[in-house]
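# What the coordinates show
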Amino acid sequence: AGDRFGGVIGTSPPMKKLFALLARVAPTDATVLLEGETGTGKEAIAEALHQASGRALGPFVVVDCASIPRELIASELFGHAKGSYTGAIADKRGLIESAHGGTLFLDEIGELPLDLQPQLLRALEKREVRRVGETRPIPVDIRVLAATHRDLRGEVNAGAFRADLYFRLAVARLTIPPLRERADDLEPLVIALAERFTGVAGDNPLAHALPALR
């Protein structure tokens with residue numbers, strides 16, 4: 001019934017339907033896959049899910065799978081032991097381990113190299129990680145959220161993404177519609193941004209100017 005979920009605003013029917021689904025899944029520990037074009041607010045929705053969950057007091061750790069250099073992804077995700085490779089001068093805790101007690105957000109999961117997907121799947125299934133250069137498993141208590149702008153089902157069919165990892169991630173699969181498909185949300189979004197940046201709330205002049213600009 002509301003026009004927002006956390007910091008995400010929307011009054012259009014597609015967004016209200018999305019908010020209702022988010023409100024149902026937020027209190028659970030279900031893994032959620034957020035699909036949508038770049039710029040549709042997937043990270044903001046993931047953070048809102050975290051804040052509405054029982055893990056809100058725990059960490060919210062973002063892993064941008066598209067920005068981490070390929071040769072560093074394993075170390076960043078799983079951590080490493082001192083001396084495990086050149087430059088590993090100390091033990092390092094990985095991002096999955098850092099999310100213990102909270103939420104791990106795997107942004108742009110479709111960019112994760114195919115050869116690393118089995119390791120991630122194993123970590124998600126067993127809820128434990130092995131640092132690079134170690135054999136001892138480290139248990140982790142995490143909730144997993146993932147996001148992508150790709151058609152992961154199509155990627156699975158093309159052999160570019162593992163089917164078992166996809167189904168592990170897509171326990172709840174939600175699609176965020178682009179703004180061009182929900183023009184009714186433009187006005188409340190602009191007003192909310194104006195209030196945020198100007199500090200002026202209430203009867204904002206933009207509310208009167210926007211209809212004339214359409």
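Next up on the list: the nonpolar core. Among soluble globular proteins, nonpolar side chains are generally buried collectively. Core analysis: the largest hydrophobic core is formed by 33 residues, its most contacted members being Ile 96, Leu 106 and Ile 109. Elements that contribute at least two residues to this core include exactly strand 4 (60-64), helix 3 (73-78), strand 7 (103-107), helix 5 (117-126), strand 10 (143-148), helix 6 (152-157) and helix 7 (163-169). For Ile 109, the residues in contact, after removing those within four places along its chain, are Leu 33, Cys 65, Leu 120, Ala 146, Ala 147, Thr 148, Leu 152, Phe 161 and Leu 169. Grouped together as the second largest cluster of nonpolar side chains are 21 residues, Phe 19, Leu 22, Ala 46 and Phe 60 included.

Right, let's talk about the sheet that holds strand 4 for a bit. What the five strands build is an open sheet, ordered 4-7-10-3-11; its pairing is parallel. If you trace the sheet from one side to the other, it starts and ends with strand 4 and strand 11 (172-175), each paired once. The sheet shows a mean angle of 20° between the axes of neighbouring strands, taken without regard to direction. The pairing of strand 3 (residues 32-35) with strand 11 spans four bridges and is parallel. In the sheet register, Leu 34 faces strand 11, and the bridge partner there is Leu 174.

With that out of the way, let us pick up unusual backbone geometry. Residues other than glycine predominantly adopt negative phi, and peptide bonds predominantly adopt the trans conformation. One non-glycine residue, Glu 108, adopts positive backbone phi at about 50°. Within the secondary structure layout, Glu 108 lies in the loop between strand 7 and helix 5. Unusually for a residue other than glycine, Arg 127 sits at a positive phi of about 55°. Its location among the elements puts Arg 127 in the loop between helix 5 and strand 8 (128-129).

It is worth spelling out the side chain of Arg 131 at this point. Looking at where Arg 131 falls in the secondary structure, it is placed in the loop between strand 8 and strand 9 (138-139). Within the structure, the side chain of Arg 131 is placed 2.9 Å from the side chain of Glu 97, a separation counted as a polar contact. For Arg 131, the contacting residues outside a window of four places in its chain are Phe 78, Gly 79, His 80, Ala 81, Asp 91, Lys 92, Arg 93, Glu 97 and Ile 138.

How each quantity is defined
- Residues numbered from 1 in each chain as written.
- Predicted model: local features only at pLDDT ≥ 70, side-chain atom pairs only at ≥ 80, totals over all residues.
- Heavy atoms only, no water.
- Core = buried A, V, L, I, M, F, W, Y, C linked by side-chain atoms within 4.5 Å.
- Buried < 20%, exposed > 50% of the residue type's maximum accessible area, 1.4 Å probe, protein only.
- Helix = DSSP H or I, 4+ residues; strand = E, 2+ residues; numbered from the N terminus.
- Contact = heavy atoms within 4.5 Å.
- Pairing = 2+ DSSP bridges.
- Axes fitted to C-alpha atoms, helices over the stretch in contact; angles between N-to-C directions.
- Polar contact = N/O pair within 3.5 Å; in protein donor to acceptor, adjacent residues only side chain to side chain.

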